[in-house]
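Structure assessment
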Amino acid sequence: MLSIPRRFFGLLRTPQVPKARISNIRVARSMEMERPAKVPRLKQESGKVAKVEVERYDELLQEKVVDIKEFFSGFKLPDVDVYPSAPANFRMRTEFRVWHEDEDLYYIMFEKSEDVSGRPQRVRKDTFPVASKLINELMPKVIEEAKKTEVLRKRLYQVNFHTTLKGEAMVSFIYHKKLGADWVEAARQLGVMLAEVPSCTTDRVHVIGRSKGQKICLDQDFVTEELTVDGQKYKYKQVECSFSQPNGFVCQHMLEWALDATRIRSENPESQTPQKSGADDLTKGTEEKKQIPEENQQEGGSSNVGHSGASERDFLELYCGNCNFTVPLAKNFRSAVATEISKVSIAAARDNLKDNGIENVTVARMSSEEFVTKYRSGAGGRRLEGLDLTKLDISTVLVDPPRCGLDEDTVKLVQEFDYIVYISCNPETLHQNLQELTKSHSIVKFAVFDQFPYTGHLECGAYLEKLKPVEQSPQGGASGEEASVAGNVQ
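**Regarding the overall build of the chain**
Secondary structure assignment for the chain yields 13 helices and 17 strands. Of the contacts formed within the chain by residues at least 6 apart in sequence, a portion of 68% connects residues at least 24 apart. Surface summary for the chain: the accessible area is close to 24,900 Å², and the carbon and sulfur share equals 49%.

**A short note on the pattern of salt bridges**
Per the stated rule, a full pass over the model turns up 20 salt bridges. Among the salt bridges present, the one from Arg313 reaches Asp393, with a minimum N-O distance of 3.2 Å. Of this pair, Arg313 sits in the loop between helix H8 (248-261) and strand E11 (314-318) while Asp393 sits in the loop between helix H11 (368-377) and strand E14 (394-399), placing them 80 residues apart in sequence. The structure contains a network of salt bridges with shared partners spanning Asp81, Asp230, Asp260, Arg263 and Lys445.

**Considering the side chain of Lys177**
Within the secondary structure, Lys177 is located in the loop between strand E6 (169-175) and helix H7 (181-194). No salt bridge is formed by the buried Lys177, whose closest oppositely charged neighbour, Asp182, lies at an N-O distance of 6.6 Å. Of the polar contacts made by the side chain of Lys177, one reaches the backbone oxygen of Val151; its length is 2.9 Å. Among the polar contacts made by the side chain of Lys177, one reaches the main-chain carbonyl oxygen of Lys154 at a distance of 3.2 Å.

**Here's the deal with the pairing of strand E3 (residues 104-111)**
In the sheet, strand E2 (residues 93-101) pairs with E3 via five bridges, with the strands oriented antiparallel. Pairing of Trp99 across the sheet is with Tyr106, part of E3. Across four bridges, the pairing between E3 and strand E4 (residues 121-124) is antiparallel. By the bridge assignment, Met109 is partnered in E4 with Val123.

**Quick look at the nonpolar core**
Counting 84 residues, the largest nonpolar core has Phe161, Phe173, Trp183 and Phe446 as the members making the most contacts within it. Setting aside anything within four residues of it in sequence, one finds Phe161 in contact with Met92, Arg93, Thr94, Phe96, Tyr107, Ile135, Leu138, Met139, Val142, Met170 and Val171. The next biggest cluster of nonpolar side chains, apart from the first, holds 36 residues, and it includes Cys251, Leu255, Ala338 and Ala447.

**Looking at H7**
The end-to-end C-alpha distance of H7, which contains 14 residues, comes to 20 Å, matching closely the 20 Å that a straight helix rising 1.5 Å per residue would cover. If you check which residues of H7 are buried, you get Trp183, Val184, Ala186, Ala187, Leu190, Gly191, Met193 and Leu194. Structurally, H7 contributes buried residues whose contacts are with helix H5 (133-148), helix H6 (150-153), E6, strand E7 (206-211) and strand E8 (214-217).

**Focus on the packing of H5 against H7**
Contact geometry of H5 with H7 gives a least axis separation of 11 Å together with a crossing angle of 145°. Like other packed secondary-structure pairs, H5 and H7 cross with a definite hand, here right-handed. Each of Leu138, Lys141, Val142 and Glu145 in H5 lies in contact with H7, whose residues at this interface are Leu190, Met193 and Leu194. Partitioned by chemical class, the residues of the contact of H5 with H7 number five nonpolar, no polar and two charged.

**Quick look at the environment of Leu60**
Looking at the element boundaries, Leu60 is found in helix H4 (residues 57-71). According to the relative accessible area criterion, Leu60 is buried, its value standing at 17%. When residues no more than four places from it in sequence are discounted, the contact partners of Leu60 are Glu53 and Tyr454.

About the thresholds
- Residues numbered from 1 in each chain as written.
- Predicted model: local features only at pLDDT ≥ 70, side-chain atom pairs only at ≥ 80, totals over all residues.
- Heavy atoms only, no water.
- Helix = DSSP H or I, 4+ residues; strand = E, 2+ residues; numbered from the N terminus.
- Contact = heavy atoms within 4.5 Å.
- Areas by Shrake-Rupley, 256 points an atom, 1.4 Å probe, with all protein chains shown as cover.
- Salt bridge = Lys/Arg side-chain N within 4 Å of Asp/Glu carboxyl O.
- Buried < 20%, exposed > 50% of the residue type's maximum accessible area, 1.4 Å probe, protein only.
- Lys, Arg positive; Asp, Glu negative; His and termini not counted.
- Polar contact = N/O pair within 3.5 Å; in protein donor to acceptor, adjacent residues only side chain to side chain.
- Pairing = 2+ DSSP bridges.
- Core = buried A, V, L, I, M, F, W, Y, C linked by side-chain atoms within 4.5 Å.
- Expected span 1.5 Å × (residues − 1).
- Axes fitted to C-alpha atoms, helices over the stretch in contact; angles between N-to-C directions.
- Left-handed = near helix turned anticlockwise from the far one by under 90°.
- Nonpolar A, V, L, I, M, F, W, Y, C, P; charged D, E, K, R; others polar.

Right, dumping it as structure tokens:
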């Protein structure tokens, strides 16, 4: 009998197919089984370094808006609110790899190659027009000093910049070497020197050094951003290497949109905030600033405002990060609960609530899945800081999930509440989640936020309201006006 070595069994069973080809086959089969709505051009342009065309900004944004409206055409959308970005210098943070070439030293980014190899290609970046003016002023100074100072230059791998709208800056240097006292002294001098650039408003730039298993923080590892939302100023602690909205200008629009969506709606039409509408007007969201009473224009303060008569009801934010949304929205509710899994973000969230004088929010370090379990069982626990979930009367939930969207259990959870504010960084997963959410809720507000101009990306916001129960007529059918309530799916 012929003896075949075990290592050849696999070769006899199936031919060897490259992994990339297998992946392509699976994708092709998946597309044959399901043909979803046309995917926005985000997919087409991913992996490319953005080309800045300030003179074409409005035109390019309009193209993205048309794509989004087509992608969501299967839903009955209200007029789409469009919130543009500043056309240049809008990005508050960015990262660059550092390339060493003989005596030269410069920043690079990678973009997808168009050749058959598929290997990422280096793109030299001496300036970066999408980044803030402060970042563009710091970029050449950092390179200049690194070239002159061996301890700053040697084995420098990456430089991260993080700035704020008010002119504070933090720069992180990442190395493939251990950092010693000589680096600390050079970095300390560098921090003072960098603060001399025109757009910096502090006496030093916060400099941080990192290498494997090592982090050196000379003074602090965060910046404090100041955002103006509906006439009020809020301070936000943004920690190095933690998530924060990269476009500060658009972030303010997102917060104002969410604040307005959850604001009290009186039965008196004259007291309602006018609805913005029309994707064709690209200046929506930048004009017609709403006026608020002078006594409520306190820095980081809160006013006694609720929504839908719900000032005596409660608010929940999942994936809260540093409480970016909860900080301004808390004033619309009796109390709020915010959940997050990152220890660093939780600490920043608590600092932000304290710094802005907000006392009606409980921050819990737990995943959305864990909160679902505890909320449904009424269980408390140490992480909820003694909060009795059975006494909450949550009317509104805000979700700002990662690109993967909401999992099935979280979708079911949010459907239990009267109002849903859904902020999405991925239109595809928002589309998927809305397929289920619109079985129980209708979309009453929809917005797009141009966080990343000159790319195919658009952030979306959807505000949903629970459908009224369908009343049955004596003949067993739906009666009157209620029969027309059937969600937003066409």
